[in-house]
Amino acid sequence: MTEGLRIPGRTIRLDRVRPGACCLMAGRDGPDLALLVSREGRPAALLLNRRSTEGGHLPVRSDLPPDADVLELRGAVIAPSGAPASGQAATSAAALHLGDGRAYLCGRDESGWGALFDVATGLASAVDPAALPRTRCWRVMVPEAGGVVTLYEAEPA
């Protein structure tokens, strides 16, 4: 018996997906795993499987065509997979910051503009990440057949 490839999501137009959702979208050189975010009321994508060449930050892509089809990963969760570190250090590039029962990721666009995004809502946050515990090891998990499948695992660079 041969089973077909099961894709854990549904194809939908980008303008119908809410901030805070994870999706797969066409990238410049292959598929991108993205957390849809909102900055100043405009949609953008925090690319989870990419790092900038300068500083290793998660890139923020704002040139999103609203009519593009994406694969929405319903129920996807971003969670730590390593022990958090704490202290008054500067924000670590691509680290998952934890605080008040919430998780945050930082991103930067091509012009150097940076923001901290709440991973549950996708909204930019004014929280100061410097004092929050953080981990550079985190994963994106998708519910599948009564369990979860790790779709992506971030590791320290």
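Since the structure is predicted, the reported quantities are computational estimates derived from the model, not experimental observations.

### Concerning the pattern of salt bridges
- Considering all chains together, one arrives at 10 salt bridges under this definition.
- In this structure, D15 and R13 form a salt bridge, with 2.5 Å as the shortest nitrogen-oxygen distance.
- Beyond isolated ion pairs, a larger network of salt bridges with shared partners links R28, R61 and D63.

### Examining unusual backbone geometry
- Despite not being glycine, E40 has its phi angle at roughly 55°, a positive value.
- Along the chain, E40 turns up in the loop between β3 (30-39) and β4 (42-47).
- On the accessibility criterion, E40 (64% relative accessible area) is exposed.
- Not every positive phi belongs to a glycine, and D100 is a case in point at roughly 55°.
- Relative to the elements of secondary structure, D100 occurs in the loop between β8 (96-99) and β9 (102-108).
- D100 gets classed as exposed once you look at its relative accessible area, which sits at 81%.

About the thresholds
- Residues numbered from 1 in each chain as written.
- Predicted model: local features only at pLDDT ≥ 70, side-chain atom pairs only at ≥ 80, totals over all residues.
- Heavy atoms only, no water.
- Salt bridge = Lys/Arg side-chain N within 4 Å of Asp/Glu carboxyl O.
- Helix = DSSP H or I, 4+ residues; strand = E, 2+ residues; numbered from the N terminus.
- Buried < 20%, exposed > 50% of the residue type's maximum accessible area, 1.4 Å probe, protein only.

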